[in-house]
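Take a look at the letters that make up each chain.
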Amino acid sequence: MEVRAIRVQATDQQPETRAWRRGLEPKIGLSGKLLLLTIPLILIAEILIYVPSIANFRLNRLNDRLAAANTAALVLDASPSGTVPDTLARQVLDSIDARAVAIKMGQQRRLLATSNLPTTIDHVVDMRQVTPWGAIIDAFVVMLESGNQTVRVIGPAEGGAQFIEVVIDEAPLRIAMYRFSSNLLLVSLTITSLTTALIYLALHFLFVRPMRRLTANMVNFRRDPESPASIVVPGPRGDEIGLAERELSDMQRDLVSMLHQKSRLAALGLAVSKINHDLRNLLASSQLLSDQLSSVPDPRVQRFAPKLVRSLERAIAFCQSTLSYGRAQEAAPDRRMILIEPVVNEVRETAGLASDTAVSSVTWVSAIERGLTMDADPDQLFRVLLNLVRNAAQALESQPRSDAALQQIRITGRREGSVTILEVSDTGPGVPQKARDHLFEAFHGSVRAGGSGLGLAIAAELVRAHGGDIKLVEGTLGATFRISIPDRPVDLHSLRNERARA
């Protein structure tokens, strides 16, 4: 009933979870986001290229006018009479697209040629003091203006002159700058389109497609997490995506294995709950019959009847707590100081082993210190030792019986300070390496074919509940399990109060 309730609850929550996930589905895929991100970045890069390019274009045109003015100044200054006819001066100025050319030598400024010189100059540009930021600002000022302003450009002169001046119209410069901007825009758009396409394709094949594959696999795996066919097959990539594929594949394999194990445990819990109900009724009837045996005067019956009653009581108690392992944990141990030797003898009798080989093929050897005590729950300690002894007996039965002297189970016990140590060993084939990796895990640590591994798992849980430790001792013949259980700390205040009351 408990398992069924859990499944119904999980089923009821699925529509809400799926609706919530549908609300979080992306409206724009990874490819669309990549494209929307790539285009603005390329455009920003083109703008960063255009701004200094247009400023540099303007400076180059002004430098060209200065170079042409220097050449014209050499021609005009070389006239024999020192004066130039107006017709020749106008032709020279038209060839360099200028209205006037002047040169300064020493303290004298000389006007070499002039043609339609305006009364006022709108802008003055000194090429000797141009800064990069100022050149950018001036370039955009020129492009945003309208009309035909006049510009006086000052620059270094050749020969012994200090500087040369040339007066030009701004309209042709603005037209040339617009033409350059349009050509640069076309080239930029072409480069942007090609670059965007190449970057998009490269990123699509390198990142988007693998991410789509991983996403699709995770969606399919969520729909059927118990199917091994949903596990992603990692590729040969050695980068982070390849690592993510391999880690996802390992995680999915572990999850599939865990889900299969949980399903088996759920089925096992349901089956055990049914068996527990009927078995408890059968054991209760057997207990009533065993109570009647205690009134039989036969000495042998009187000898074995208490043990039979005790075994039935343990079996009923085990049935009551059968589901405790799958539900949460074992009940807290009822600890008290007990003698070890009676518990060990009861384990031997319950396991059907004798102290000599005449009765049993397995030799039982008990080497418990005289009067050894342990602070433990006697019933839980009995279960721990019985599980270990039965595992040892099954290991001995699995090997050939060519030499009876080698079929031996040995229990030793000693005290080291406040810690009691018990060891259960056998002369069997030992624990294989495959079982050692998951020795104390249910359904993983079985040392024989067909075993479930629950015995060692339950024994380890009971020992840890006592604050102790259980481990496999290395380097011994067969298998040796060592149990170490410390005594509980003594509360001095409570002890003094008890002594005072006594």
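See above for the structure.
What you see as residue numbers is a count from 1 along each chain, following the sequence as written. In keeping with the model being predicted, local features are shown solely for residues with a pLDDT of at least 70 and side-chain atom pairs are shown and tallied solely at 80 or more, while totals for entire chains, interfaces and linings include all residues. Side-chain metrics in this entry use all non-hydrogen atoms of the structure; hydrogen atoms and water are not considered.

Student: Would you mind showing me how to read the pattern of salt bridges here?
Tutor: Pairs can form between side chains of opposite charge once their charged atoms are near each other. Any carboxyl oxygen of Asp or Glu within 4 Å of a side-chain nitrogen of Lys or Arg constitutes a salt bridge here. Following the criterion strictly, the structure yields 13 salt bridges and no others. Salt-bridge contacts for R174 lead to E145; the nearest nitrogen and oxygen are separated by 4.0 Å. Of the two residues, R174 sits in helix α5 (residues 170-223) while E145 sits in the loop between α4 (132-144) and β4 (150-156), which places them 29 residues apart along the sequence. The partner of D334 in a salt bridge is R336, with the nearest N and O atoms 3.4 Å apart. Here the term buried applies to any residue with accessible area under 20% of the maximum for its type, exposed to any over 50%, and partly exposed to those in between, with areas from a 1.4 Å probe on protein chains only. For D334, a relative accessible area of 47% translates into the label partly exposed. Put simply, DSSP H or I for four residues or longer makes a helix, DSSP E for two residues or longer makes a strand, and each gets a number counted from the N terminus.

Student: Looking at this model, I keep getting lost on the packing of aromatic side chains. Mind explaining?
Tutor: Two aromatic rings, taken as a pair, are described by how far apart their centres are and by the angle between their planes. When the centres of two rings from Phe, Tyr and Trp lie within 6.5 Å, Trp using its six-membered ring, the rings pair. Their planes under 30 degrees apart give stacked, over 60 give edge-to-face, and anything left gives tilted. Tallying each qualifying case throughout the model produces three aromatic pairs. Judged by centre distance (6.4 Å) and plane angle (75°), the rings of Y50 and F140 are edge-to-face. Of this pair, Y50 sits in helix α2 (residues 30-77) while F140 sits in helix α4, and the two are 90 residues apart along the sequence.

Student: Could you clarify how one ought to interpret the packing of α4 against α5 in this entry?
Tutor: In the contact formed by α4 and α5, the axes pass within 9 Å of each other and the chain directions differ by 100°. Here α4 is positioned roughly perpendicular relative to α5, judged by the angle of their axes. Judged by residue contacts, A139, V142, M143 and L144 of α4 engage E170, R174, M177, Y178 and S181 from α5. Charged residues are taken to be Asp, Glu, Lys and Arg, nonpolar residues to be Ala, Val, Leu, Ile, Met, Phe, Trp, Tyr, Cys and Pro, and polar residues to be all remaining types, Gly included. Classifying every residue of the contact of α4 with α5 gives six nonpolar, one polar and two charged. Axes here refer to lines fitted to C-alpha atoms; in helices the fit is confined to the stretch in contact. Angles between the N-to-C directions go from 0 to 180 degrees. Convention used here: angles under 35 degrees read as roughly parallel, angles over 145 as roughly antiparallel, angles from 65 to 115 as roughly perpendicular, and any remaining angle as oblique. Whether two residues are in contact is decided by their heavy atoms: any pair within 4.5 Å suffices.

Student: Which parts of the structure should I look at to understand the nonpolar core?
Tutor: Inside soluble globular proteins, nonpolar side chains tend to come together where they are buried. Here the nonpolar core consists of buried residues drawn from Ala, Val, Leu, Ile, Met, Phe, Trp, Tyr and Cys, with membership extended through side-chain atoms lying within 4.5 Å. Within the largest apolar cluster, 41 residues are counted, with the highest numbers of intra-cluster contacts made by L385, L422 and I483. With ten residues, helix α10 (residues 378-397) is the single largest residue contributor to this core. Filtering out sequence-adjacent residues up to four positions away, L385 remains in contact with V343, V344, V347, L422, V424 and I483. If you look at the next biggest cluster of nonpolar residues, it comprises 39 residues, including A72, A73, A89 and M177.

Student: Before we go on, may I ask you to explain the environment of L173 in this structure?
Tutor: Structurally, L173 can be placed in helix α5. Owing to a relative accessible area of 9%, L173 belongs among the buried residues under this scheme. Each C-alpha atom of the pair L173 and R58 lies 7.5 Å from the other, and the pair is 115 residues apart in sequence. What L173 contacts, discounting residues up to four positions off in sequence, is R58, R61 and L62.

Student: It is not clear to me how the sheet that holds strand β10 (residues 419-426) should be interpreted in this structure. Could you clarify?
Tutor: By definition, the strands of a sheet pair up through backbone hydrogen bonds, in either a parallel or an antiparallel sense. A strand pair is defined by DSSP finding two or more bridges across the two strands. Read across the sheet, five strands follow the order β7-β9-β10-β12-β11 without closing on themselves; strand pairing throughout is mixed. Looking at which strands have only one partner, the edges of the open sheet turn out to be β7 (363-368) and β11 (469-472). Within the sheet, the average angular offset between the axes of one strand and its neighbour, ignoring direction, is 10°. Alignment of β7 against strand β9 (residues 408-416), held across six bridges, turns out to be parallel.

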